[in-house]
Amino acid sequence: MSAQVAYLGTSIVGWVGELSSSDPLQRRLGAYALGEIGPAATEAVSDLAAALQDPVGFVRVWAAAALARVAPPGGESVTVLIAELGNELAFVRSLAAWHLGRLGPAFPGIEQALLPLRQLAGDKDPSVRVEAALALGMLEGKGAPPPELKSCALEPPAASPRADLFAHL
Amino acid sequence: MGYKPIESYGVIGDLHTVALVGIDGSIDWCCLPHFDSPSVFAAILDDQKGGSFRIASLYEAQHKQMYMPDSNVLVTRFLSDQGVGEVVDFMPVQGPREIRKIHQIVRVVRAVRGSVRFRLDCRPAFDFARRPHQVVLEGRGAIFEAQGMKVSLVSRFPLGRQGDGVAAEFVLNPGETTTFILRQVEENGHDSVHDGVLLEARLVGTEALTQTQAFWRQWLRKCNYSGRWREMVHRSALVLKLLTFAPTGATVAAPTCGLPEEIGGVRNWDYRYTWVRDAAFTNYAFLRLGLTSEAEQFMAWLEQRAVEGARGDPLQTMYRIDGGHELPEEVLGHLDGYRGSRPVRVGNAAAEQLQLDIYGELMDAVYLYDKYGTPTAYDFWCHLRKMLDWVANNWERADDGIWEVRGGQQQFVYSKVQCWVALDRAIRLAQKRSLPLDRTRLAAERDRIYEAIMTRGWDTERQTFVQHFATDAVDASNLIMPLVFFLSPTDPRMRGTLDRIMAELVSDSLVHRYEIGRGAGDGLTGSEGTFNMCTFWLVEALTRAGRTVEARFIFEKMLTYANHLGLYAEETGPCGEALGNFPQAFTHIGLISAAFNLDRRLGPKALSRVGP
C-alpha cells in the first residue's frame, strides 16, 4: 500500500491540530486520520502518544490504534487497548477488542491480549462478547466466514454456535 | 464524476422504494421513504448536484456485479492484483406489523483477498437537490438533516466532513467485514424520530442480510415457472416484486424519472407511478407464475379504482402508489439531466389524458384473476358494470393512446381493441359466473367495435392494421391482437400486419413502437430507441402464429440486451445501450409472458443424453 501524506485532503499538520480540539469526535477523527496516513505521519507520533492519555476513552482507543499503524514496533498501543478492555463503558470495551483483533496475530506483543479477550466471554454486554470473540478469531487465525455465504445456509442462524457473532456490525 | 451507462446499475429495494447501485459501487438514485418521494440521491439526473453514496476500492480494479442467488441482494466486486473487495448491498424488508417504518440501505463491505483500501463518499441532496441540509457528525456516524427529513449514516469508522457530505477511507484486512447503514425513519405522527433511533448500531449487518436473503428466497419459492430461460424469468419476477409498493400492492412502471429515451433528448418522463395498464399486465405476469398473493393485493387496489370509475368519470391512466390522484407535472430546471437530457420532469401530465385502452387491460386482469385466483365478488361486479356502461358509451371517442402521445387525440386501433377486450371479458365472465349483465347491449357494442377496427383500422392496400383510423402508418401495439384473442394469430390480416411491422418497425430483431414522423405525432422532437416490450410482443405474436424458429431466435437475441444482472430499461438504443427509465416493469412483464408462451409452444425440453 502506498504511503500518503494527507487524508481526505488534509495534511498531517492539520490532523495533528485536530488532536487538541475541544470536541472529542474531532480528536477521534484526527487520530484516525493519522493512522490512515500511516508511517508517513511519523512527525505525529509524539502527539498520538500524548493522545493515549486523553480524558475520553474512545479517543484513547483510536489513538492507540493509530499509533500502531504510524509506529508499529511500539508495544504501547497493545497495552492501552488491553487496558481499555476494562473500561466502564461497554462500547469502549468492544471498540478496544475490535482494534486488538485488527492488529492481527503478527503484531508485536499481541499475545498479551489473548487472555483478557478470552475473559470478556463473560462480559455482561453482548456486543463486547461478540467483538472479543471475533478478535480472538482474527488473532488465532480463524477469521470469519463470508456473511452472505452464511446466510445461504439452510440452517437458521440460531442453530449455529457462532451465529450470535454476526449479530453486530 | 460523470455519468455511467444506464445498464451499469443494479437495483435493490424494500417494497417501498429502491436504490440504484452502480457497478462502480455508487448509489446514484434513491427516493425516500417511497418510490414517488423526492430523491435523496439523484446523481443519474445530475452528476454534480444530484447526490450519491459511493463505496469503492481505491485500487485500480475491475468491477463486477451479481445478485446473491434467488434474491435482490446485490454484490459489487472490485478485483485487482492488490486485493479483492466486495460491497454487499440490500434493503431489509420490514413486516407489515412494524409500527416504526424504517428504510435502510445496508452496505456490507469485505476484503476477500489481501488487504483492501476503500473509500466512502456519502453526499445526499434532498428533494432533487432543492432542499439544503446540515451535516452533524456523531460518534456512530453522521446525520443529514433537511427541512422535514433526516437521514443517518451509521459507520464504525470515523467520518470526516466533506462539503455537504461525509467521507472516510479505511482498510479492511483479509476476511474482515464492516457494515454501513443509511437509514431513514418515517415519522408516524405520534412521536418524533430521535437521533438515537437513527444511529442505533446494533442492527445487524449480517443478521439483516440473512433475513433479507431468506425473504427473497422464500418469496421466489412460490414461483412455479420451470420452463426454459428460468433464471431470466425469475430475475424478471424479482424485479416486478421490487417495483411493488407493499402497503397497497400497486406497482410502479419504473422506479426512476428522467432517464431519457434518447441521449440528450426531451422524452424524459417520471415513471414512479402506477399505470392501470402496466399494473394490469403485471398482475397477469404474477398469475402466470403462480404468484397469486401479489395478484390478490393488486386486485384490491384495482377494485378501488373501479369504484372510482363507477362514478361516471373516466379512470385516470395512472395513480400515485397510494391511490392518490394528483400527479402535477413539474420541470426540474436546475438539474442537468442524464448526460444533458433535459428537461427533467417529475409528476406526469399524462395522468389527465384519455386512454381508452386501460379498461380492456383492467377487465382482462379481472377476468384472469377470476380464472386463476378468486371468483369475482358481487359488489365488485356492480362497480365494474357501471364502468363497462361508460366504455360502451364512450369507445368511439378519440383518445391519446397507449403511447401517451402529446400531439393530439386520434382514433387509435389499440385503444379500440382494448375496448373490445373490456366488453368481451365482461360478457365471458358474466357467462361463466352467471352474473347479471345487459349482455345484449354489451355484445352489440363489442361487435360494433370489432367491425370498426376491421373496416377503419385496416389498410387493404398495405394489408396491415394501422395505428389509427386516419393514417396508413403501422404501430407495434397491434401485435397485441392475437395475444388478447381479438383474432386468430394465423388470420391473414394478422399475418399481413406481422409482416408489415417486421418490414417497417423492426431493426435487427428489435422493434420500434411506431415510426416517428408518421402516424400520430407525439408532439416532440428527436428520436428514441426500440421498445423492449414490443420486441417481446413480436416474439409472442410469432409464437402464436407458429413461427417458433423466428420467435426463439428473436427472444434469445433479446436476452443478450439485458444488462449484466438481467435487467432491462424501457428501450434499447442502436448500440444496444439501455434507454429510458430503469428497470422497467413493462419490459420484464413482456419477457415473462413471451418466455411462458414460447416455452409452452416449444414443448418439453429434450432430455440430456447420458454417455457417448
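What counts as what
Residues numbered from 1 in each chain as written. Chains lettered and ligands numbered in written order. Predicted model: local features only at pLDDT ≥ 70, side-chain atom pairs only at ≥ 80, totals over all residues. Helix = DSSP H or I, 4+ residues; strand = E, 2+ residues; numbered from the N terminus. Rg over C-alpha atoms; globule rule 2.2 N^0.38 Å. Buried ≥ 20, exposed ≤ 12 C-beta atoms within 10 Å, placed from the backbone. Contact = placed C-beta atoms within 7 Å. Pairing = 2+ DSSP bridges. Expected span 1.5 Å × (residues − 1). Core = buried A, V, L, I, M, F, W, Y, C linked by C-beta atoms within 7 Å. Domains from an automatic or database assignment. Axes fitted to C-alpha atoms, helices over the stretch in contact; angles between N-to-C directions. Parallel < 35°, antiparallel > 145°, perpendicular 65-115°, else oblique. Left-handed = near helix turned anticlockwise from the far one by under 90°. Nonpolar A, V, L, I, M, F, W, Y, C, P; charged D, E, K, R; others polar.

A. The arrangement of the overall build of chain B in detail. Scanning chain B for helices and strands turns up 15 helices and 29 strands. For 612 residues, the compact-globule estimate of 2.2 N^0.38 gives 25 Å, and chain B sits close to it at 25 Å. The principal-axis extent of the C-alpha atoms belonging to chain B is close to 75 × 70 × 45 Å. Among the 612 residues that make up chain B, the fraction classed as buried is 56%. Partitioning the contacts of chain B with sequence separation of at least 6, the portion at a separation of at least 24 is 68%.

B. Representation of the pairing of strand E10 (residues 116-123) of chain B. Residue and element names in this part refer to chain B. By the criterion of burial, E10 is predominantly enclosed, with six of the eight residues buried. Strand direction decides the pairing type here: strand E5 (residues 52-57) and E10, joined by six bridges, are antiparallel. Residue pairing in the sheet places serine 57 in a bridge with phenylalanine 118 of E10. One ladder, built from seven bridges, connects E10 with strand E15 (residues 165-172); its direction is antiparallel. Its bridge partner lying in E15, cysteine 122 is registered against valine 166.

C. The arrangement of helix H15 (residues 585-602) of chain B in detail. Residue and element names in this part refer to chain B. The first and last C-alpha atoms of H15 sit 25 Å apart over 18 residues, in line with the 26 Å expected at 1.5 Å per residue. Most of H15 sits out of view: 15 of its 18 residues are buried. Where H15 terminates, the next one or two residues include glycine 603, which has phi positive at roughly 85°.

D. How the structure looks around the nonpolar core. Residues B:Ala19 and B:Ala426 are the most contacted members of the largest nonpolar core, which totals 199 residues. Considering every element that reaches this core, the biggest residue donor is helix H9 (residues 413-433) of chain B, with eleven residues. Each of domain 1 (6-191) and domain 2 (459-605) of chain B contributes no fewer than three residues to this core. The residues contacting B:Ala426, other than those within four sequence positions of it, are B:Met363, B:Leu384, B:Leu388, B:Leu437 and B:Leu442. Within the second largest apolar cluster, 51 residues are counted, among which are A:Tyr32, A:Val78, A:Ala96 and A:Leu100.

E. Looking closely at the sheet that holds strand E11 (residues 133-138) of chain B. Residue and element names in this part refer to chain B. Taken in spatial order, the eight strands make up an open sheet running E6-E7-E8-E9-E16-E13-E12-E11, and their pairing is antiparallel. Looking at strand neighbours, the two that pair on one side only are strand E6 (62-67) and E11, the edges of this open sheet. The sheet shows a mean angle of 15° between the axes of neighbouring strands, taken without regard to direction. With six bridges joining them, E11 and strand E12 (residues 141-146) adopt antiparallel strand pairing. Opposite histidine 133, over in E12, you have alanine 146 as the bridge partner.

F. Quick look at the packing of helix H13 (residues 532-544) of chain B against H15(B). Residues and elements named next belong to chain B. Two elements in contact, H13 and H15, have axes separated by 8 Å at closest approach and are oriented at 15°. Comparing their axes, H15 and H13 come out roughly parallel. For the pair H13 and H15, the crossing hand works out as left-handed. Each of Asn532, Met533, Phe536, Trp537, Val539, Glu540 and Thr543 in H13 lies in contact with H15, whose residues at this interface are Phe586, Thr587, Gly590, Leu591, Ser593, Ala594, Asn597, Leu598 and Arg601.

G. Inspection of the packing of helix H4 (residues 57-70) of chain A against helix H6 (residues 90-103) of chain A at higher detail. Residues and elements named next belong to chain A. Two elements in contact, H4 and H6, have axes separated by 9 Å at closest approach and are oriented at 5°. When the axes of H4 and H6 are compared, the pair comes out roughly parallel. Of the residues in H6, those touching H4 at Gly57, Phe58, Val61, Ala64, Ala65 and Ala68 are Val92, Leu95, Ala96, His99 and Leu103. Its residues assigned to classes, the contact of H4 with H6 comprises nine nonpolar, two polar and no charged.

H. Structural detail: helix H8 (residues 126-139) of chain A. All names here are of chain A. Taking 1.5 Å per residue as the helical rise, H8 with its 14 residues ought to reach 20 Å, and the 20 Å between its terminal C-alpha atoms agrees with that figure. A large share of H8 lies buried, amounting to eleven of its 14 residues. Of all the positions in H8, only Ser127, Val128, Arg129, Val130, Glu131, Ala132, Ala133, Leu134, Ala135, Met138 and Leu139 are classed as buried. Residues of H8 that are buried make contact with H6 and helix H7 (114-119).

I. Highlighting the sheet that holds strand E27 (residues 530-531) of chain B. Residues and elements named next belong to chain B. Ordered by their spatial adjacency, three strands build an open sheet running E27-E28-E29, and the pairing between neighbours is antiparallel. Single-partner strands in this sheet number two, and they are E27 and strand E29 (578-579). Judged from the two bridges that link them, strand E28 (residues 571-572) and E29 form a sheet pairing that is antiparallel. Among the inter-strand pairings, threonine 572 is bridged to a residue of E29, identified as alanine 578.

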